[in-house]
Structure formats: structure tokens, C-alpha cells
Amino acid sequence: MALSGMRGLSVFISDVRNCPNKEQERLRVDKELGNIRTRFKNEKGLTPYEKKKYVWKMLYIYMLGYDVDFGHMEAVSLISAPKYPEKQVGYIVTSSLLNENHDFLRLAINTVRNDIIGRNETFQCLALTLVGNIGGREFAESLAPDVQKLLISSSCRPLVRKKAALCLLRLYRKNPDVVNVDGWSDRMAQLLDERDLGVLTSSMSLLVALVANNHDAYWSCLPKCVKALERLARNQDIPQEYTYYGIPSPWLQVKTMRALQYFPTIEDPNTRRSLFEVLQRILMGTDVVKNVNKNNASHAVLFEALALVMHLDAEKEIMSQCVALLGKFIAVREPNIRYLGLENMTRMLMVTDVQDIIKRHQAQIITSLKDPDISIRRRALDLLYGMCDVSNTKDIVEELLQYLSTADFAMREELSLKAAILAEKFAPDLSWYVDVILQLIDKAGDFVSDDIWFRVVQFVTNNEDLQPYAAVKAREYLDKPAIHETMVKVSAYILGEYSHLLARRPGCSPKEIFSIIHEKLPTVSTSTIPILLSTYAKILMHTQPSDPELQNQIWAIFRKYESCIDAEIQQRAVEYFALSSKGAALMDIMAEMPKFPERQSALIKKAEDTETDTAEQSALKLRAQQQTSNALVVTDQRPANGTPPVSELGLVKVPSMSNVDHSSADHGVTQANGTLTVVDPQPPEPSADLLGDLLGPLAIEGPPGSAVQSERNLVPGTEGVPNADDALAIAPVGEQTNTVQPIGNIAERFQALCLKDSGVLYEDPYIQIGIKADWRAHQGRLVLFLGNKNTSPLVSVQALILPPSHLKMELSLVPDTIPPRAQVQCPLEVINLRPSRDVGVLDFSYKFGTHVNVKLRLPAVLNKFLQPISVSAEEFFPQWRSISGPPLKLQEVVRGVRPMSVAEMANLFNSFRLIVCPGLDPNANNLVASTTFYSESTRAMLCLIRIETDPADRTQLRMTVASGEPTLTFELKEFIKEQLVSIPTVSRGPAPPLPQTQPTSAPAALSDPGAMLAGLLH
Amino acid sequence: MGIRFILMVNKQGQTRLAQYYEYLTIEERRALEGEIVRKCLTRTEQQCSFVEHRKYKIVYRRYASLFFMVGIDNEENELAILEFIHLVVETMDRHFGNVCELDIMFHLEKAHFMLEEMVMNGCIVETSKSSILTPIQLMDRA
């Protein structure tokens, strides 16, 4: 029988085969389709044999890639044929030609169901196969219970049951809501005891789907899987038919280990032990043999075992054994093993603790990046991308750059995006980052998206020390004979902003800069011209004294574009021309761009978005997230609320410049004075607050300007010594063994940070520790910025938090090493449990030549958990009266107050978020304030304060504090007292007089509110 | 779901057998097959048997003039699929006796039946050659 029995079909296939070209083939196929169509029209005269023949022809034609849009009905009708050969063809052709949504399929449901529940095994198999391949919702609704019955029926033969298992798998996957699998865990467990390996193979696939959906329900199957695996691995009771080159069904072994990976872990110690015995045997016992098939099959099992071991997060010992194996694999000649070695090593990155061992293979992996096989190169690229961190960025990114010039076009875009991301994420220093991006643009400009060059501009703008360097580099690239348009954009932008920093270098006069940029104008597109016009305007502004010749040249260009058809170009030309005729006014408007608010890198976001949702990639992503949350260099990862996305950078829009003009002009001046000689090793100070950056006082906000910096460096000994007599410097100076002198006064820095939320906490010649805090009710998030100021790394970095009992503080991992000139961010979460004035201490140490250890108070102080609230007279007095006396309302006469006017005092209160309510107290010498305090125990609690001053003696006053909680009242009163008797001062005079005259605040009593209250009450 | 499709293509790029386990329109199939064939046929013996293409990984193996290509997703083990191809070939060998392109061409239905016994809904059902061939032999005798 078969085709040999269908002569017409054989003839047709030969005809098609003998067609000399595609055109002839199409003609022959069209002719045949016409023939079949006519024959089907007079269906009456068709014998089942003829029908079968034509349907096969249709399938053949369809397989060749031609659409067959008729005859489906005939195929479906064959399913109801009484004889096996016709029925079989009907089933096979239907499942090949139709999809699950096809209307005709519905016509067959009844026949299919009859075949399934009928007694004919071969019919059952055909029907189950069809449903298993294309069964949709209606099949699930009407057939699922029957299929389930067949699968577990003891009277059914394995050949039916194995198909029932996969049929059920499809129905369940497609419509989990229709197929009821309640109580199936026991049945599955039973199925896994199956001796027949065909049934076991199918059941294992079904189990994977069930466990993937709800692993909790199938714990009972776990030991069964391990047993099945043991049976296979030990070759117990495996029929010869199921061994493949001496290996007991490698496919079933693989599937079983896959199923085990869907359970999150294995808790039962006995099961775990048996499993690891098997895995160990596979890991150790797989040898390379001559026979290719045997070798592949045994390695298929081995790779699956590796994946399972990784999944189970096994002991370090067996893990390093796995990495060692993979290390061997990536170096072998056999390309398949090399490919899989790289792939699995990438998966392995998600396992902690082994990354360092993987790094040892870096050289080998880089070799694979140059492999003649693109499949292997891709795996190597992925692995390098995944394993990159601060310690190896330079090597890896430089390899990627080198490879970029020769890489296939298919890979360039991915390659350049990955290089840009790595350079940004792990840059050991910023000038290197600039180098990388410029090289990237130079080598693969077509593949560098706008995001990439926007980002580099952002970095340069926000880092003053980088500006001269970037300008030099941009200038160098312009000398190249042919440069990519993106390079023109970025160079023009940077030189427009910062070329004046190069003024004294040869070839860098405004005129020369202008002409070299202007040379490129004829080669660029309309989108670049506006950037060039802005650059010209800026060059003009920076040309002091003005150069009439240059001015005329530039003006001529502006005038030329005044009638440009492109609206953007035209507007700029008109505006720049008008502005530049204004002379001095131009100075303000054309000043340097202010810093950009820090925001998440659009590149990283883009990479995350484009990553497809595959298991290993999401694991990589997970790891990347862990890295960034622990310690991300340079980039600020917090979502920048309300800041525009990068695509709206508005790099050169005139209006956005005008409202920030004067302060940015100041920047410009500082820069012009400072510069070129002093390259300040300051790391960037990320800040989400643009206005804060621009308007905040220079002294403490952010890193000090370069001028201040160098001045301080000149006299480190005189002012840097922490004043041990200063009562505020409670950091236990005595324990410190430092030979390194801090820069600036630690106590003053702390005091300043008590009042504001960002600034420098500590600085010495090697490191700067900045802090930025965000407070919400009783919670706070601080970020410590650890900036290495040197050209060599800081090692043995350790940061310990010693929290007071009332604060819960959690510091994320601090890396052991801070690379040269890099900045590391370490988030610190704070939760306020109850009112207290105690402070947390950061015990920080590092090694740079000598061991340096400092203990720094953290500005997570009581007033950070206050939120200002202003209260009207109607609200205040009832509250005030309702709290009648101690311990909720405490009064004290405070002496030794630093003299200040009532207005000054009001300012001081406001700065601590105790909001003064003017006019509530009729006496002008008195002051009333209110605030809300947040902690976990008190929740939000209103606090009221009244101060009565004595105009005759400003060194004393009477203070009354009231709140709904005794400890809070006491702590707040003491807190205010501390502020009044020792005002933090930025002046470098002698330490303020110590409060000698306080009868009540004996140090011993401070920690014991009860005793303190007792003292107060007499 | 594992296996997404199985293709048998000769070295001129003509499809000799195509079995899909997910629905693609005829245009999508044509495009996909064209791309895969171009990619795989230009590869040398020294290169690995895996090619990444769109969302698939293609595991392929060449036997004389015929390429066997299996498209899989991330749920499959590449080497296991590579040997599964060989199992298919061995099974066909046992039936046809040293199978060649023409056997598959002119006995398309048998090739289909065998595959049907081995793979269902993208999962491997049976790996025992005798179990796979029993129904076909029954039919031949009928």
C-alpha cells in the first residue's frame, strides 16, 4: 500500500522534483491544485482511495510552501472513514493543515470523541494524537475527562496511555481553567511508578507542566522523580530497546532532571542525599569517548545534571566542581561542547559565590569572542556581558570595542549597546567612560543610538572635572578625515559648552574650533544643524575679547539660515542672531548648561525592555539588579520622579537656559578661574534635585568646588584636626588609629547634615563619603556615596552600622574594593521604632597604605522624623489644654542658652521642622511651635512647644513641650534644649561654650527617661 | 513546550518534510524555512550544531545530502535533541534500510507516521525503535 500504492502521487512528486526551476514548479503545482479542486467538486464519484491520494497531494503541496485554501473539508471527512488507512490519513493531514481555531475542526469533535472512548486501540491513538497536536477549547471541554480516564486506566495498554498523557498536557496547557486537575498529585505520583518507559517519558512532560503551574501540589512526586532518575542512572530494569549507545534513555534522564528543576528546592534530606549521589556520579563519571553519539548522549545528561546542581544551589564544593567542568568545556575543540559550556556558564552567573571562579576563565572566554562560529561568539558575548563588574570592565569593554571593528553586522548593534552599558555601569573612572563612548561612536556610529550620546553629554555636563578632558577628546576626533555624524553632534555639543577651557592649547582658539566644526556642516543632516548653530552661538559668547571677524562669519551663517525651511533651524538662527547682537546679555543666556538631574540610564532601561523573557536571561537581569542595588558605580538608579525621560533632554533649547542663567554663569566663572591645572578627583555627586544643585550654598552641598578643594588641601593640618574637645564630636576619637587627617570638621559636617538631607559626611585625602537621604514618616532611605579620590583602588573597605536601639538600620553590601576614582553607592534603610535622641554610628575602615578607621555619627536624628504641620489657634489651644501636665507635658527653665533674638530662634526651630506658628501667643517674647513626630510605636503624633524668653536675659528661657507620649515629650524637650544651648556653627571659631549649667541633664539619666522624669517632678 | 518544528531539507534548500508543533501561517513558514536554511547550509563542519534564530534555537545535523533541523525553545536540552535527530534517522534506517532523501520523498506518509509516533505536541513520546515501528509494520501487513 502506501505511496507506492498511490501511483498518481508518486508521479506528481517526481514531476515536481524534475522541475528545473521554481517557476516550472509553481506551474506544475497550480495545475495539480486545479485538478484536485475539480475532482473534489464532484465528490460523489470519489472513492476513499482517490480522496486519500488527493489529500496527500495537498499536504505535499502545502509542505512545499504553497497555500492550500480548499479541500480541508475532505481531509476532515476522512476522519470518519471506517477503514484504518483512510482514517489515518484524515487525522494526519487534518492536524497538519488546520489550526486549533479552524471551524471545520468542530465538525470532527464527535467522531474524535467516539474514537477516543471506543475500543479500537489504533483509533484511540490517532484521535489522541490529533487532539494532542491541535486540540482547542472545545476539545478540552468535551474530552478532558475521557483522556484523564484513559491515562490512569489499568486496562489500557501503554501505547494508548503515553498518548493520553501528552494529549492531556496540551489540553491543560491551553485551557488550564477547563481541565480539572484537582487531586491529580496522587495520580501523577502513581504514574511515575510506571515501568513502561514510553508512558514514563510522556508522563514526565505532563508533570513538568503541572509542577510549573503549581509546584506545591506535587511535592509527593519529587521523591518519585529522584527514584526514576536513580533507576535510569544505575541502569536497573531498563529494556535494551530504551538504551541508546549503552545509555539508559538519555531523553528521559534529561526530562526527569528538568522536572526536578521546577521544584524550588528539595527539603527532605534523604531525597536530597540520594539525588546528589546520582548527580555526583553523573558529574564524575562522564568520560569523553570516541563514539560521537554516545558522547553527545552522555553529555546531554551531564549538562542537565549541571543545570540541576546549579538550581539546587548546592554546596560550594560541588559548585566549584561544576565550574571546573565548564571551564574545561569552554576550552575543548568540539564546538558543541564549547557552545554549551559557555551557555551554561552564563546560567551559572546567577549562582552566588562562583563568579570569582568564573572570572579565572576570562581569557578563554575572550578567545571565544573571536571564534569563527557566530553561535559561539554570541554565547561568549552574553557571558562576558553577564560576568562584567568593576574589577574587569576595562578588559572586557576594550575587548568588545576591538571586536566591534570586525564583528558581523548582525551583532554590531547589540555589541555597541552592551559595551555602552557596561562602560556606564562599571566605569572605573569617568574619563575612561568618555573614551569608550567616543570610540564606540567612531567605530560603529551607525549602531550607536541617540541614547548613548545623550548619556555621555549628561555625564560630562554633570562632572566638571571631566569637561576639559572631554573637550580635548572631542577636538581630537574632529581632526580625523571622515567622522560619523553622531561624532559631529557630540563633539560640537561638547566643544560649544567647554571649548573655552582649552583656549590656550594650540589649535583651540575659538576661531579654529569654529572653523573645524563648520567644515563638517555641509556633510550633516538637518537634525544636526541646530546643534551646530548652538555651538556657534556659544563660541561667540566665549570669545573674549570679541573677535569681529569671527562674529561676522557666524552672523552670516545665522542670517543664511534665517530663511531655512526647517522650523527648528530657522528659529535658532533668528534667535541666536538677535541674542548675539545684544552683547553682554548674551553672556547670561548662553552660559553653560546646568547639571542634569540624575536619572536612570535610558540604556539600561532599554536593555531591560528588549530582553526577551527567557529563563536564563531573567536570571541575569535579577543578578544585574542585585548588583545595582548593592553598589552601583556612577549611575544613580533611583527612579527620578517627575524628571523628564532622556529623550527629552532639551539639550540646546533656549528657553530652558534662561531661568537658570545667573547661577550657571557663576559655575562658568569658577570653572574659568579654576581649571586645567587642577583636575579635581572628585567623583560625581548624584542628585535628583536640580534646583538644589544650582541654588544651594556651595559650602556643604555636594562636593566642594575645585578651588575650595585645592585651598583645603594646602592646609590640611591646621583645620582638618577634629576638635577633640568639641563635645559634639562624640565619634570616639580615642579609638582611632588614623594617620590620615580628615578634611573639614567632622562634627560640623554632621551638624550640617542634621539640617539638610544631602552633603558630605566625611572626607580625607583618599576618600569622600557623601550622604543623601530621603525621609518619609518613620522611614528613611540614606544612600552613602563612597568615592575613591585616587588613581589606585581602596581595598579592605568595610562599613559597619552600629544602630541605636530605637532605629532599625540595614546597610546593603559594601564592596570590598573601590576602584580608582569610582564612586560606590550603598543604600541604608532606616526605620524609627520609638522616640530617642541616640544616634547611629558608621564604623568605616579602608586600607590605603595604612589602615584607616573612622567612626562617624549618622545624621538619622530625631528631627528627621518630624514633619512640619502648622496649627491654627482653634486647633492649638484645645490640644494644649487637654494635655494637663507631666509626664505628657513637661516644663523646664533652660539656662546657658546661646543668646539670640526671637526671630533667630524661630528660624532655628523651622530648620528643625518645628514649625513656628506666629501670632498664637500674644506675647511677642514668646514663641509657639508645632510638628508631627513619626515612629513605629507612636505612629504620627502631634507635638506642641512653647518657649517663653526673657528679654532682659537672653541666656535663659522657659520651655514647655507637650505630646501624647511621655518619652516623646521628654526626648523632644531634650533635643530642643541641645539645639538651644549649642547652636551648630559653620564658622571656624572656638567650639561653642559647653552647657555647664544644666542641672537636669546628667549624662547617666539621659538614657533613662523614667529617672529623668522623676528628677523633673520635684 | 520543547520542540517547535522539525524540518528535513536537502542541500538545494528544498523542504522534504516539515512538521510544526505550533501554528504558523504559510507565509511565516516560508520565511522561517528560508532564513533557517540560509543560515544552516552555509555553516561548516567545524562549527557547532546550534544556531540561534529569532526566538528559536535550531539544532541541526547533516546526513549526506539531507539536513535535519529541529527548532526548540529554552525548555529543551540541545544535545539531547541532537541525538534525537540521530534516533529518528536510525529508526528510518531500520524501516527503509539505509534511508536516503528519496525514501523520505516518496514515502512521505511513512516518514510522517514515524515522526507522529516519536513526537507529539512538541514532546518526545517514544524512543524505543520497535515501539515506534510496530504500528507501521502492522499497517504494511494489512
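Parameters and conventions
Residues numbered from 1 in each chain as written. Chains lettered and ligands numbered in written order. Predicted model: local features only at pLDDT ≥ 70, side-chain atom pairs only at ≥ 80, totals over all residues. Heavy atoms only, no water. Helix = DSSP H or I, 4+ residues; strand = E, 2+ residues; numbered from the N terminus. Contact = heavy atoms within 4.5 Å. Buried < 20%, exposed > 50% of the residue type's maximum accessible area, 1.4 Å probe, protein only. Areas by Shrake-Rupley, 256 points an atom, 1.4 Å probe, with all protein chains shown as cover. Phe/Tyr/Trp six-rings, centres within 6.5 Å; stacked < 30°, edge-to-face > 60°. Pairing = 2+ DSSP bridges. Axes fitted to C-alpha atoms, helices over the stretch in contact; angles between N-to-C directions. Buried area = accessible area lost by both parts, 1.4 Å probe. Salt bridge = Lys/Arg side-chain N within 4 Å of Asp/Glu carboxyl O. 1 Å grid on protein atoms, 1.4 Å probe; cavity = no way out; pocket = protein on both sides within 12 Å on 5 of 7 lines; lining within 4 Å. Points joined across faces, edges and corners; volume = space filled by probe spheres on them. Nonpolar A, V, L, I, M, F, W, Y, C, P; charged D, E, K, R; others polar. pLDDT = per-residue confidence, 0-100. Patch = residues over 30% accessible without salt bridge, like charges linked within 9 Å, V, L, I, M, F, W, Y side chains within 5 Å. Lys, Arg positive; Asp, Glu negative; His and termini not counted. Charge placed at Lys NZ, Arg CZ, Asp CG, Glu CD. Parallel < 35°, antiparallel > 145°, perpendicular 65-115°, else oblique. Left-handed = near helix turned anticlockwise from the far one by under 90°.

Trainee: How do you make sense of the overall build of chain B when you look at a structure like this?
Mentor: Assigned secondary structure in chain B consists of five helices and seven strands. Along chain B, helices (α) and strands (β) appear in the sequence β-β-α-β-β-β-α-α-α-β-β-α when read from the amino end. Here the contacts in chain B between residues at least 6 apart in sequence split such that 51% fall between residues at least 24 apart.

Trainee: Sorry if this is basic, but what is going on with the overall build of chain A here?
Mentor: Within chain A, the secondary structure is distributed over 45 helices and 16 strands. Per-residue burial over chain A gives 57% buried out of 1018 residues. For chain A, the share of sequence-separated contacts (at least 6 apart) that also reach a separation of at least 24 residues comes to 69%. Per element, the accessible surface of chain A, about 42,300 Å² overall, is 53% carbon and sulfur.

Trainee: I'm lost on the packing of aromatic side chains in this one. Help?
Mentor: Working definition: an aromatic ring pair is given by the centre-to-centre distance plus the angle between the planes. Residue and element names in this part refer to chain A. Here the structure, examined in full by the defined rule, presents 25 aromatic pairs over all chains. On the basis of an interplanar angle of 80° and a centroid distance of 5.3 Å, the ring pair of W775 and F865 is categorised as edge-to-face. Here W775, found in strand β4 (residues 767-776), pairs with F865, found in the loop between β10 (850-857) and β11 (866-868); they are 90 residues apart in sequence, far enough to count as distant. Given the relative accessible area of 2%, F865 is considered buried. Where F844 meets Y846, the ring centres are 6.1 Å apart and the plane angle is 50°; that geometry is what we call tilted.

Trainee: Would you mind going over the pairing of strand β3 (residues 758-763) of chain A with me for this structure?
Mentor: Side chains on a regular strand alternate between the two faces of the sheet. Summarising burial for β3(A): six of the six residues are buried, a large majority. Joining the antiparallel neighbours β3(A) and β4(A) is a turn of three residues.

Trainee: Would you mind showing me how to read the sheet that holds β4(A) here?
Mentor: Each strand in a sheet pairs with its neighbour through backbone hydrogen bonds, running either in the same direction (parallel) or in the opposite one (antiparallel). Residue and element names in this part refer to chain A. With respect to topology, five strands assemble into an open sheet ordered β3-β4-β5-β8-β7, the strand pairing being antiparallel. With partners counted over all chains shown, the strands left at the sheet margins are β3 and β7 (807-811), one partner each. Across the sheet, the mean angle separating the axes of adjacent strands is 25° when strand polarity is ignored. Two strands pair when backbone bridges link them, and β3 and β4 are joined in this way by five bridges, in the antiparallel orientation. For G759, the partnering residue across the bridge sits in β4 and is I771. Strands β3 and β4 of the sheet are contacted by helix α40 (residues 746-755), whose axis makes an angle of about 160° with β3.

Trainee: Honestly, the interface of chain B and chain A in this entry has me stumped. Any pointers?
Mentor: Interface size, as often reported, equals the accessible area lost upon joining of the parts. With 60 residues of chain B in contact, the opposing surface of chain A contributes 69 residues. With both sides pooled, the region where chain B packs onto chain A buries about 5,900 Å², and carbon together with sulfur makes up 54% of that total. In terms of surface lost to chain A, no three residues of chain B exceed B:L79, B:F106 and B:M120, which account for 11% of the buried area on that side. Between chain B and chain A we count eight salt bridges in total.

Trainee: Even after reading the chapter, I still don't get empty space enclosed by the protein, so can you show me in this structure?
Mentor: Regions of empty space are outlined by a rolling probe, equal in size to a water molecule, passed over the atoms. Counting across every chain of the model gives 12 cavities of 30 Å³ or more. The space that makes up the largest cavity amounts to roughly 130 Å³. Lining the largest cavity, in full, are A:T201, A:S205, A:W251, A:V254, A:K255, A:R258, B:E75, B:E76, B:N77, B:A80, B:I81 and B:I124. Secondary structure elements with two or more residues in the lining of the largest cavity: α12 (197-213) and α14 (250-260) of chain A together with α2 (78-96) of chain B. The greatest single-element share of the lining of the largest cavity, amounting to four residues, is contributed by α14(A). Of the residues assigned to the lining of the largest cavity, the class counts are five nonpolar, three polar and four charged.

Trainee: How do you make sense of the confidence of the model for chain B when you look at a structure like this?
Mentor: Predicted coordinates in regions of low pLDDT should not be interpreted in detail. When the pLDDT values of chain B are averaged, the result is 93; 99% of them are 70 or greater. Reported for the predicted complex are a pTM of 0.65 and an ipTM of 0.98.

Trainee: What's the story with a negative patch on the surface in this structure? I'm lost.
Mentor: On the surface, A:D67, A:D69, B:E27 and B:E28 cluster together into a patch of negative charge. Among the secondary structure elements, A:D67 is positioned in the loop between α4 (48-63) and α5 (72-78). Overall, A:D67 belongs to the partly exposed group, its relative accessible area being 44%.

Trainee: Mind showing me how you'd approach unusual backbone geometry here?
Mentor: Glycine aside, residues mostly have negative phi angles, and peptide bonds mostly take the trans form. A cis amide bond, omega 0°, links A:P886 with the succeeding residue A:P887. Mapped onto the elements of the fold, A:P887 is located in the loop between α41 (873-882) and β12 (889-894). Of note in the backbone geometry, A:R939 takes a positive phi value of approximately 55° without being a glycine. Within the fold, A:R939 resides in strand β15 (residues 939-949). Judged by its relative accessible area of 64%, A:R939 is exposed. Even without being a glycine, B:N121 presents a positive backbone phi close to 55°.

Trainee: Explanation requested: the side chain of A:N296 in the structure shown.
Mentor: Among the structural elements, A:N296 can be located in helix α16 (residues 292-312). Of the residues examined, A:N296 reaches a relative accessible area of 5% and is grouped as buried. Those residues in contact with A:N296 that lie beyond four places of it in its chain are A:E334, B:R61, B:L79, B:L82 and B:E83.

Trainee: I'm lost on the sheet that holds strand β3 (residues 50-53) of chain B in this one. Help?
Mentor: Residues and elements named next belong to chain B. Here we have five strands laid out as an open sheet, ordered β2-β1-β5-β4-β3, and antiparallel in their pairing. For this open sheet the edge positions go to β2 (15-20) and β3, each flanked by a neighbour on one side alone. If you compare each strand with its neighbour and ignore which way they point, the axes differ by 20° on average. Summarising the sheet, strand β1 (residues 3-10) and strand β5 (residues 66-72) pair through seven bridges and their orientation is antiparallel. In the sheet register, M8 faces β5, and the bridge partner there is F68.

Trainee: What's the story with the side chain of A:R170 in this structure? I'm lost.
Mentor: In this fold, A:R170 is placed in helix α10 (residues 158-174). When its relative accessible area of 6% is taken as the criterion, A:R170 is described as buried. Other than its neighbours up to four places away in sequence, A:R170 contacts A:E100, A:V131, A:G132, A:N133, A:I134, A:G135 and B:N121.

Trainee: Any chance you could explain the packing of helix α21 (residues 374-387) of chain A against helix α22 (residues 393-404) of chain A here in plain terms?
Mentor: Describing two packed helices takes the angle between their axes plus the distance from one axis to the other. Residue and element names in this part refer to chain A. Look at α21 against α22: their axes get within 10 Å of each other, and the N-to-C directions meet at 150°. As judged from the angle between their axes, α21 and α22 are roughly antiparallel. Two packed elements cross with a definite hand, and for α21 against α22 that hand is left-handed. Of α22, the residues touching α21 (which contributes R377, L381, L384 and M387) are I396, L400 and Y403. Partitioned by chemical class, the residues of the contact of α21 with α22 number six nonpolar, no polar and one charged.

Trainee: Got a minute to help me understand the environment of A:I109 in this structure?
Mentor: Residue and element names in this part refer to chain A. Locating I109 in the fold gives a position in helix α7 (residues 103-117). Given a relative accessible area of 13%, I109 falls into the buried group. C-alpha of I109 to C-alpha of L143: the two residues are 34 residues apart in sequence and 9.0 Å apart in space. Those residues in contact with I109 that sit more than four places away from it in its chain are E138, F139 and S142.

Trainee: What's the story with the packing of helix α25 (residues 450-462) of chain A against helix α26 (residues 466-478) of chain A in this structure? I'm lost.
Mentor: Residue and element names in this part refer to chain A. Following both chains from N to C, one finds α25 and α26 inclined at 135°, their axes separated by 7 Å at the closest point. Classified by the angle between their axes, α25 and α26 sit oblique to one another. Of the two elements, α25 crosses α26, and the hand of that crossing is left-handed. Seen from α25, the contacting residues are F459, V460 and T461; seen from α26, they are L466, Q467 and A470. Its residues placed into classes, the contact of α25 with α26 shows four nonpolar, two polar and no charged.

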